[in-house]
Structure formats: C-alpha cells, structure tokens
Amino acid sequence: MLAETKFAAEPLAMPALGEPYLLTPGPLTTAYSVKQAMLRDWGSWDGDFRAMTSDMRRRLLALTGDAKGEFDCVPMQGSGSFCVEAMLGSFVPRDGKVLVLANGAYGLRAAQTMQYLGRAYTLIDKGDYLPPRGDEVAAALEADPAITHVIAIHCETSSGILNPVAEIAEAVQAKGRKLLVDSMSAFGAVALDVNEIRYEAMVSSANKCIEGVPGFGFIIARKSELEGAKGRSHSLSLDVHAQWAHMNKTGQWRYTPPTHVVAAFLEALRQHEAEGGVAGRGARYSRNRDVMVAGMRELGFETLLKDRWLSPIIVTFFNPAHANFAFDRFYELMKDKGFIIYPGKLTVVDSFRVGCIGQMDEHVMRRVVEAAAESLKEMGVDTAAPPAAAIAERAKLAA
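Criteria and thresholds
Residues numbered from 1 in each chain as written. Predicted model: local features only at pLDDT ≥ 70, side-chain atom pairs only at ≥ 80, totals over all residues. Heavy atoms only, no water. Pairing = 2+ DSSP bridges. Helix = DSSP H or I, 4+ residues; strand = E, 2+ residues; numbered from the N terminus. Phe/Tyr/Trp six-rings, centres within 6.5 Å; stacked < 30°, edge-to-face > 60°. Buried < 20%, exposed > 50% of the residue type's maximum accessible area, 1.4 Å probe, protein only. Lys NZ or Arg CZ within 6 Å of the ring centre and 35° of its normal. Arc of directions from axis to C-beta. Salt bridge = Lys/Arg side-chain N within 4 Å of Asp/Glu carboxyl O. Axes fitted to C-alpha atoms, helices over the stretch in contact; angles between N-to-C directions. Contact = heavy atoms within 4.5 Å.

## Examining the sheet that holds strand 11 (residues 314–318)
Pairing between sheet strands relies on hydrogen bonds along the backbone, with the strands arranged either parallel or antiparallel.
Next up, step 1: Strand order in the open sheet formed by three strands is 11-14-13, and the pairing between neighbours is antiparallel. Each edge of the sheet is formed by a strand with only one pairing partner; in this case those strands are strand 11 and strand 13 (342–343).
Next up, step 2: Note that strand 11 and strand 14 (residues 351–355) share five bridges and pair antiparallel. Its bridge partner lying in strand 14, valine 315 is registered against valine 354.

Here is the structure:
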C-alpha cells in the first residue's frame, strides 16, 4: 500500500494566466514568479549575468551533497537530450564501450545516441518497464571486459518507474567501471547523493523537478572526469570540457546562453530551497502521487507498476477495457477541465500517464481525479477496469 498522506495546509496558487495544468514529466506548470523572472533582459557577457551563472552552478552542486569539492557543474544550452549526448560524447573515450541499461524510450535513446557517436556499446533491454537489476549489470560487466562505462536512467518516464540506481552503482563500482546517470526527470526530487551513490557524472534539465522552464540542461561530474574529457568530444557545441574550461576561466558560457531561462531557473532554485530542498520537493511529489493513485484506483483504473516501483514523477495507467473509452476523447475532456495528461508509450498494452511534478499539490490531484470521473461519465464509461491482458502483463513485473 502507498503511504498515508497528510492534507496540505496551504494550497499552491493556481496558474495565474488560466492555462491548463501540465500533468507531464516536463515541461511542467511553473510558479508565476518563475515566469516573471523572464521579464528582464540580461547581457550574456555582463558581470551581473556571470554572477547569476556562478550562483546557479553553486546551488546545483549543493544538491548532490558534494562537501569535498570533487565535482563541478557545467550548464549546457539545449534540451535534455542535447545534454545526454554531450555527457556521452565527452566522458566516454572514443575507444571505450558503454553498457546501456534500457527499460523504456530514454534508455533506448541513449543507445541510439551511441550509434550516432559511432562508439561501441552493448544493451540490456528490459522491455517496457522491468527494472535493470544489479546482478544483471554485474554479470554483463564480468562477461565483457571491454565495457568501460554504464549509463542508467534514474526515472524512466515511459512507464514511470524509479530504477534502482544505488543497486546498479554498487555493481558498477565493484567491477571497477564508471557509471553515468541520466537523472533528467528525477534530480531535485529524488536523492542522488554522491556520498551514498558512486557515479562519475549525471545529467538533468532546467524544466523538470527544479520547476524551471526549457532551454538548458546541466552536467554534474567529477573534476577528474572533466579534466580527462579534453579533446574527446565529437561536437564543437556539445563539448563539456570546453564549456567547463571556458566557464571557469571567464565566467561566461561559450556561446549565447538562454539568459531569461537562467533567470527563471534561479528563482525556481530559490523556491526549491525554501520548500526544503530535495527532501521537501520529493515529499510534495510523493503526496501528489499517493492522493492521485488512490483516487484513480477508486474509479477502477489500474497502475502498470506495483507500488514498490512507482516513482513520484509520473504514473502509467492502463486504458479502461470499456468499449466506450477512447483515449483521444478522454484527453480532450480532461483538457477542457484544465488538465493536460500524457499519452502512453507502452508497446504491449494501451496506457496513458499522469505526471505528479510541477507547481501542483494534493489539492490539485484531487481535482484531477474528479475530472477523470466526470470525463468517464461523459463518455458513458461506468468502470475504468483494464482488460485482462493488461493485468497479465503487469504480473510479469519482478516482485
């Protein structure tokens, strides 16, 4: 069973412009003050903006628990996938080999990135949602001494699963290899403490759990790895070492930075700190998930994942078996009521996803459940129970 949740004392403000809530894994609903922070123009070379960049890097490093000064933060222009490519292209030697752990679209995208880079890789593909486990990783590393790096997805939002990164990290370290973590949709709400989980580098994005807006991502890596990455990148603009060296020397980004997005992100970081940091943000998202999942189950919906694997980021539900249910119609009805949900990405059974992150609280999630109930009624669907095939598919999930 999911944990009992306490009712939030003060509801968060509704979107000031009346836009729908984004129940997605980013972009997401942001605070009005974050939007307001983008109203001022900044000179990319100016001392004030350089100070903003420095402050942002310092605040992000603090979230990792790095008290020894072994890591540094390198922001990079572009979407999250740009930054994953930058990390892989900069930290994996051209004669290296990567073990890609995939259980959804983003692990497979990492494998596709390796193909584009023309660098060796091997793949453990667990399908739509099964978690890669430490013993599997250890066996793969034992069988192939050529593997130098492992990349793991912290939260695979295709299914909403929170992968066992600590278990994976232990296996990678025991075999003397290096772990890279795609924590795109988890960093800031799920702990990734360098004192507890061994990794060489991780990557995330501005428009996820910190609750900023799209425009850049960031790589947090050991300084030893950053130093070793010189001359390794396949790309001029995605060269993490070059960006790091230039930023440390001048305080500036190498090429035009997303100035307004950085200003918004700093405001989001201040709010993140005021909420209690990673623990506080994660607690709110967990309450969002628990309230929403409990309500949806009362309507007859079933989650793809067992409670053990449900992340506080996004939850996948099976489509109802009822003949009157059509996802496209359900989507539009939910949007009319102020909520934008997300299509499913499963290949075996039909599903949809509901995000728990962004400027939302349990009050909002109760309204999400009410909107779902009203939408089903308007469609003539009297039960949201899934087809038997969906339950059979879920039964495959490891206990």
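After presenting the structure, the write-up continues.
## Observations regarding the packing of aromatic side chains
Next up, step 1: Under the definition given, this model contains 14 aromatic pairs.
Next up, step 2: Relative to tryptophan 253, the ring of phenylalanine 216 has its centre 5.9 Å away and its plane inclined at 85°; by these criteria the two rings are edge-to-face. Of this pair, phenylalanine 216 sits in strand 10 (residues 216–222) while tryptophan 253 sits in the loop between helix 8 (240–250) and helix 9 (259–274), placing them 37 residues apart in sequence.
Next up, step 3: Since its relative accessible area comes to 0%, phenylalanine 216 is described here as buried.
Next up, step 4: On the numbers, 5.3 Å between centres and 50° between planes, the contact of phenylalanine 325 with phenylalanine 330 is tilted. Exposure class is identical for phenylalanine 325 and phenylalanine 330. Each is buried.
Next up, step 5: Counting every residue linked through ring pairs, the aromatic cluster contains Phe301, Phe317, Phe325, Phe327, Phe330, Tyr331 and Phe352.
Next up, step 6: Of note, arginine 40 hangs over the ring of tryptophan 42, and the distance from its end group to the ring centre comes to 3.9 Å.

## Digging into unusual backbone geometry
For residues besides glycine, phi is generally negative; the peptide bonds are generally trans as well.
Next up, step 1: Proline 27 follows glycine 26 through a cis peptide bond whose omega is 0°.
Next up, step 2: Secondary-structure assignment places proline 27 in the loop between strand 1 (21–22) and helix 1 (32–36).
Next up, step 3: A positive phi angle, near 70°, is found at glutamate 211, a position not held by glycine.
Next up, step 4: Checked against the element boundaries, glutamate 211 lands in the loop between strand 9 (201–205) and strand 10.
Next up, step 5: The class for glutamate 211 is buried, based on a relative accessible area of 3%.

## Describing helix 11 (residues 327–336)
Next up, step 1: Of all the positions in helix 11, only Phe327, Phe330, Leu333 and Met334 are classed as buried. Projected onto a plane normal to the axis of helix 11, the buried residues spread over an arc of 125° and lie on a single side. When the buried face of helix 11 is taken as reference, the exposed residues oriented beyond 90 degrees from it are Asp328 and Asp336.
Next up, step 2: Of the residues one or two after helix 11, glycine 338 is the one with positive phi, at around 100°.

## Let's talk about the pattern of salt bridges
Two side chains with opposite charge may pair up if their charged atoms get near one another.
Next up, step 1: With the rule as written, the count across this model stands at 24 salt bridges.
Next up, step 2: Note that arginine 366 and glutamate 362 form a salt bridge whose closest N and O atoms lie 3.5 Å from each other. Here the residue arginine 366 and the residue glutamate 362 both occupy positions in helix 12 (residues 362–379), the gap between them amounting to four residues, near one helical turn.
Next up, step 3: The exposure class assigned to arginine 366 is partly exposed, which follows from its relative accessible area of 32%.
Next up, step 4: Ionic contacts of the salt-bridge type, sharing partners, join the residues Asp55, Arg58, Arg59 and Glu273 into one network.

## Some remarks on the pairing of strand 9
Next up, step 1: Extensive coverage of strand 9 is indicated by the burial of five of its five residues.
Next up, step 2: The two faces of strand 9 match: Ala201, Val203 and Ser205 on one face and Met202 and Ser204 on the other face are all buried.
Next up, step 3: Note: strand 8 (residues 178–182) against strand 9, three bridges, orientation parallel. Each residue of the ladder has a partner; that of valine 181, found in strand 9, is methionine 202.
Next up, step 4: Relative to strand 10, strand 9 is paired through five bridges, and the arrangement is antiparallel. Each residue of the ladder has a partner; that of serine 204, found in strand 10, is phenylalanine 218.

## Concerning the sheet that holds strand 10
Next up, step 1: The strand order across the open sheet formed by seven strands is 2-10-9-8-5-3-4, and the pairing between neighbours is mixed. Every interior strand has two partners, whereas the edge strands, strand 2 (71–77) and strand 4 (120–125), have only one. Taking each pair of neighbouring strands and ignoring which way they run, the sheet shows an average axis angle of 20°.
Next up, step 2: Across the sheet, helix 2 (residues 47–62) touches strand 2 and strand 10, and the angle it forms with strand 2 is around 125°.
Next up, step 3: Sitting on the sheet, helix 4 (residues 105–117) touches strand 3 (97–102), strand 4 and strand 5 (149–153), and the angle it makes with strand 3 is about 155°.

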